[in-house]
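# Coordinate inspection notes
Here is how the chains run, residue by residue.
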Amino acid sequence: MSKNIGLVPAKSMLPRAIRIVPYLTPEEVYQIADACNGRNKERDELLILTLFETGLRISEALDITPRKIGVYNEHSVLYVRGKGKKPRMVACPDNLAHRLKSYAFDRKLGLDDKIFKINRKRAWQIVKEAAENAKITKRVYPHLFRHSDAIERLRQTGNPKALQHHLGHSSTLMTMRYLSTLTAEDALRIEQEVRFDR
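Described below are features of the structure shown in this document. Keep in mind it's a predicted model, so treat the numbers as computed, not measured.

All right, on to the overall build of the chain then. Helix and strand counts for the chain come out as 8 helices and 3 strands. Along the chain direction, N to C, the helices and strands of the chain fall in the order α-α-α-β-β-β-α-α-α-α-α. A compact globule built from 198 residues should have a C-alpha radius of gyration of about 16 Å, and the chain, at 18 Å, falls within 12% of that. Its C-alpha atoms give the chain principal-axis dimensions of about 70 × 35 × 30 Å. In the chain, which comprises 198 residues, the proportion classed as buried is 45%. If you sum the accessible surface of the chain, you get close to 11800 Å²; carbon and sulfur atoms cover 54% of it.

Structure, rendered in C-alpha cells:
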C-alpha cells in the first residue's frame, strides 16, 4: 500500500488550517477490519468499524452502551458525551447499529454495560495488530479512523458545517484542515493531467 504523503510538510510554518491530514481510504479501513483475528475477532472488528463509520474519539467509542444507541428521524444515532462532557447525537449507519445491538444481546449485556470492555491501551494494540495483519504500511492509530471518517463524509457531502457538528468540534479549524486536504489532493490530480508533449 502506498502512503499518503503530506503535500505540505508537517513542520511547515504554514497555518495549521492548511496542513494536510493523514487518513485511510475506506478500502484500507475494511482491509484492517477484515484482518482482525483471535477469539475477540468480532469485538475488534466492530471497534474499528465504529471508529471509522461514526468518527468517534476512542474515549467516546469505549463509552458506548446499548442505551446510547438510539433512533432519530428513522435512522440510527449514538448519544455521546465529547470533550467537556458536551452531549451530542452522532449519525451511525443502521447496519453498524444493528451489529452493535446484536453483539450486546448475544453477550447478555445490560443497558448500561459498556460494549467494548477494554481500555485505551488495548484499543491501540488491537488497531496496530490488525493494521499489521492487513499489511497496511501507514502508521495506524485509533484517531486516524476519525480523520478517515471526516475525509470520507466531507468527500460525500461537501458540507463542512455539518461535519463540524458531527465531530463535536467547537472550532472550524480542524474541519478546515480536512477541507484543505481534499482541495490539495483534487488540485494535484487536476494538475497531474497536464501534458507537455513535444
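Moving on from the model shown.
All right, on to the layout of surface pockets then. Empty space among the atoms becomes apparent when a probe as large as a water molecule is rolled across them. Size it by volume and the second largest pocket reaches roughly 230 Å³. In terms of lining residues, the second largest pocket is bounded by Arg57, Lys83, Lys86, His143, Arg146, His147, Gly168, His169, Ser170, Ser171, Met174 and Tyr178. Breaking the lining of the second largest pocket down by element, the ones donating at least two residues are α6 (142-157) and α8 (173-192). Per-element tally for the lining of the second largest pocket: the top contributor is α6, with 3 residues. Among the residues making up the lining of the second largest pocket, the classes are represented as 2 nonpolar, 6 polar and 4 charged.

Look at helix α2 (residues 41-54) against helix α5 (residues 120-133): their axes get within 10 Å of each other, and the N-to-C directions meet at 90°. When the interaxial angle is binned, α2 and α5 end up roughly perpendicular. Along the contact surface, α2 presents Arg43, Asp44, Leu47 and Ile48, while α5 presents Arg122, Ala123, Ile126, Val127 and Ala130.

Let us look at the environment of His165. By the secondary structure assignment, His165 is in helix α7 (residues 160-167). His165 sits in the exposed class, given a relative accessible area of 56%. Through-space distance from the C-alpha of His165 to that of Thr50 is 18 Å; in sequence the pair is 115 residues apart.

Right, let's talk about empty space enclosed by the protein for a bit. Within the structure shown, the criterion is met by 1 cavity of 30 Å³ or more. Volume-wise, the largest cavity comes out at about 40 Å³. Glu60, Asp63, Ile64, Lys68, Tyr79, Val80 and Arg81 are the residues that line the largest cavity. By residue number, the principal contributor to the lining of the largest cavity is strand β2 (residues 75-81), which donates 3 residues. Among the residues making up the lining of the largest cavity, the classes are represented as 3 nonpolar, no polar and 4 charged.

Cut-offs applied
Residues numbered from 1 in each chain as written. Predicted model: local features only at pLDDT ≥ 70, side-chain atom pairs only at ≥ 80, totals over all residues. Heavy atoms only, no water. Helix = DSSP H or I, 4+ residues; strand = E, 2+ residues; numbered from the N terminus. Rg over C-alpha atoms; globule rule 2.2 N^0.38 Å. Buried < 20%, exposed > 50% of the residue type's maximum accessible area, 1.4 Å probe, protein only. Areas by Shrake-Rupley, 256 points an atom, 1.4 Å probe, with all protein chains shown as cover. 1 Å grid on protein atoms, 1.4 Å probe; cavity = no way out; pocket = protein on both sides within 12 Å on 5 of 7 lines; lining within 4 Å. Points joined across faces, edges and corners; volume = space filled by probe spheres on them. Nonpolar A, V, L, I, M, F, W, Y, C, P; charged D, E, K, R; others polar. Axes fitted to C-alpha atoms, helices over the stretch in contact; angles between N-to-C directions. Parallel < 35°, antiparallel > 145°, perpendicular 65-115°, else oblique. Contact = heavy atoms within 4.5 Å.

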